[in-house]
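Listed here are the chains, written in short residue letters.
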Amino acid sequence: MAENSKSKKQVVDPKNEDQVVFDTIEESLNTGASWFVKNLKMILIVLAIILAVLVGYICWKNFISEPKEAEAKESIWNAEALFSDGAYKEALEGNDSITGFLEIIDMYGSTNTGNLANAYAGLCYKELGDNENAIKYLEDFNSDSKMVQPSIYGAIGDVYWDMENVEKAISFYKKAAQEENAMMTPFYNKRAALAYLSIGKNDEALKLLENIEKNYPKFPDMDEVKKFIEFAKQGK
């Protein structure tokens, strides 16, 4: 899946201000017209290139990108069903009648669905205990979603936790909590706090836990948060 810049004012005589403005406009227009005539051929060439790129993009979008996206969506449904049923290896690799996530990535990697398949593949590998591949595919996924992307960062944190790389896990938990979200932020701050507690960094844990208590009073796990606040204080 996936760590972190002035001008002198020209003094104008108010009596002549209008004339100065008009002279500037005229000069600009004349300069622009002269430049345009001298460079007309180059302008036309550039416009032709821009037009060709635009037409190419439209053709690519209408005849390649969108059809591939539709094909990818059609292909991923069955793999998603296997994933939901806990058949992670089959969801990854597919079978004679079902296209797995890995093949979808190979065939449709440039599409949104291919991007989504990276997340699914990473989660499959996580469940199968293949931590290196889990991290690889989860880090290949990217999204603007304020719910999905933090969840993937959190999943990467879980993988590092399973690998007993606590500091790395904490970094991803905190990354998942950066996007202000009433559910995700306290959830992953809590996980980071517990990870800090596991390595004796009670002060760091206490900061995160007290932040949850203060700013997210409706967090469902508030009772646990308060319990760990007391634990962190006693261990200081």
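Summary of the structure given here. Fair warning: this is a prediction, and the values are worked out from it, not measured in the lab. (Residues numbered from 1 in each chain as written. Predicted model: local features only at pLDDT ≥ 70, side-chain atom pairs only at ≥ 80, totals over all residues. Heavy atoms only, no water.)

1. Here's the deal with the overall build of the protein
Test applied: Counting from the N terminus, the helices are the DSSP runs of H or I reaching at least four residues and the strands are the DSSP runs of E reaching at least two. Each residue is assigned to one of three classes by its accessible area relative to the maximum for its type, calculated with a 1.4 Å probe on protein chains only: buried under 20%, partly exposed between the two thresholds, exposed over 50%. Accessible surface is estimated by sampling points in the Shrake-Rupley manner with a 1.4 Å probe; for residues, cover comes only from the protein chains shown.
On a plain count of helices and strands, the protein comes out with eleven helices and zero strands. In sequence order, the secondary structure elements of the protein are arranged as α-α-α-α-α-α-α-α-α-α-α. Across the 236 residues of the protein, 34% fall into the buried class. For the protein, the exposed area adds up to about 15,600 Å²; of that, 54% sits on carbon and sulfur atoms.

2. Comments concerning unusual backbone geometry
We note that Glu164 has phi near 60°; this positive angle belongs to a residue other than glycine. When you line up the elements, Glu164 lands in the loop between helix H7 (148-162) and helix H8 (166-177). Glu164 sits in the exposed class, given a relative accessible area of 71%.

3. Let's talk about H7
Definition in use: A helix is expected to span 1.5 Å for every residue after the first. In this analysis, two residues are considered to be in contact whenever any of their non-hydrogen atoms come within 4.5 Å of each other.
The terminal C-alpha atoms of H7, which comprises 15 residues, lie 21 Å apart, in line with the 21 Å expected from a rise of 1.5 Å per residue. Buried within H7 we find Gln149, Pro150, Ile152, Gly154, Ala155, Ile156, Gly157, Asp158, Val159 and Tyr160. Buried-residue contacts for H7 involve helix H5 (112-128), helix H6 (131-140), H8 and helix H9 (184-198). Glu164, located one to two residues past H7, shows a positive phi value of around 60°.

4. Some details on the packing of aromatic side chains
Put simply, the rule is: Two aromatic rings from Phe, Tyr or Trp, using only the six-membered ring of Trp, form a pair when their centres are within 6.5 Å; if the ring planes differ by under 30 degrees the pair is stacked, by over 60 it is edge-to-face, and anything between is tilted.
The tally for this structure, following the rule as stated, stands at nine aromatic pairs. Judged by centre distance (5.0 Å) and plane angle (75°), the rings of Phe83 and Tyr120 are edge-to-face. With Phe83 in helix H2 (residues 40-84) and Tyr120 in helix H5, the pair connects residues that are 37 residues apart, well separated along the chain. Tyr120 carries the same exposure label as Phe83, and that label is buried. Between Phe187 and Tyr188, the aromatic rings sit 4.8 Å apart at their centres with planes inclined by 85°, giving edge-to-face as the arrangement. Phe187 sits in the partly exposed class, given a relative accessible area of 32%. Among the aromatic side chains, those forming a connected cluster through ring pairs are Phe83, Tyr88, Phe101 and Tyr120.

5. What about helix H10 (residues 202-215)?
Taking 1.5 Å per residue, 14 residues should reach 20 Å; H10 reaches 20 Å between its end C-alpha atoms and fits that length. Turning to H10, its buried residues are Asn202, Ala205, Leu206, Leu208, Leu209 and Ile212. Residues of H10 that are buried sit in contact with H9 and helix H11 (222-234).

6. Points about the side chain of Lys190
Put simply, the test is: Under the rule applied, a polar contact is a pair of N or O atoms within 3.5 Å (in protein, one hydrogen donor and one hydrogen acceptor; residues adjacent in sequence only if both atoms are side-chain atoms).
Topologically, Lys190 is positioned in helix H9. Here the side chain of Lys190 touches Glu224 through a polar contact of 2.4 Å, side chain to side chain. Setting aside anything within four residues of it in sequence, one finds Lys190 in contact with Ile212, Phe219, Asp221 and Glu224.

7. Considerations on a nonpolar patch on the surface
Rules: Each patch groups residues whose relative accessible area exceeds 30% and which form no salt bridge, using 9 Å between like charges and 5 Å between nonpolar side chains of Val, Leu, Ile, Met, Phe, Trp and Tyr. One speaks of a salt bridge when a side-chain nitrogen belonging to Lys or Arg is within 4 Å of a carboxyl oxygen belonging to Asp or Glu.
A grouping of Met147, Val148 and Met183 is seen on the molecular surface, where their side chains present a nonpolar patch of about 250 Å² in accessible area. Topologically, Met183 is positioned in the loop between H8 and H9. Under the relative-accessibility criterion, Met183 is labelled partly exposed at 49%.

8. Focus on the pattern of salt bridges
Side chains that carry opposite charge are capable of pairing whenever their charged atoms lie near each other. If you walk through the whole model with that rule in mind, you get eight salt bridges. Across the pair Arg191 and Asp158 runs a salt bridge whose closest N-O atoms are separated by 2.7 Å. Of the two residues, Arg191 sits in helix H9 while Asp158 sits in helix H7, which places them 33 residues apart along the sequence. Among the residues examined, Asp158 registers a relative accessible area of 17% and is labelled buried.

9. Notes on the nonpolar core
We apply this condition: By convention a nonpolar core is built from buried Ala, Val, Leu, Ile, Met, Phe, Trp, Tyr and Cys residues, the set being connected through side-chain atoms within 4.5 Å.
Counting 54 residues, the largest nonpolar core has Phe101 and Val225 as its most contacted members. If sequence neighbours within four positions are ignored, Phe101 has contacts with Ile76, Ala79, Glu80, Phe83, Ala91, Leu92, Ala117, Tyr120, Ala121 and Cys124.

10. Some remarks on the packing of H9 against H10
Put simply, the rule is: Under this scheme, a helix contributes an axis fitted over its contacting stretch, all axes are lines through C-alpha atoms, and angles between N-to-C directions fall in the 0 to 180 degree range. Comment on the angle field: the value is read as roughly parallel under 35 degrees, roughly antiparallel over 145, roughly perpendicular from 65 to 115, and oblique elsewhere. Two helices that cross are described as forming a left-handed crossing if the nearer one is turned anticlockwise from the farther one by less than a right angle, and a right-handed crossing if clockwise. We call Asp, Glu, Lys and Arg charged. Ala, Val, Leu, Ile, Met, Phe, Trp, Tyr, Cys and Pro are nonpolar, and the rest, Gly among them, are polar.
Where H9 contacts H10, the axes come no closer than 8 Å and their chain directions differ by 160°. Of the possible angle classes, the one that applies to H9 and H10 is roughly antiparallel. Between H9 and H10 lies a crossing of left-handed hand. Two secondary-structure elements touch here, H9 through Pro186, Asn189, Lys190, Ala192, Ala193, Tyr196 and Leu197 and H10 through Asn202, Glu204, Ala205, Leu208, Leu209, Asn211 and Ile212. Here the residues of the contact of H9 with H10 are counted per class, giving nine nonpolar, three polar and two charged.

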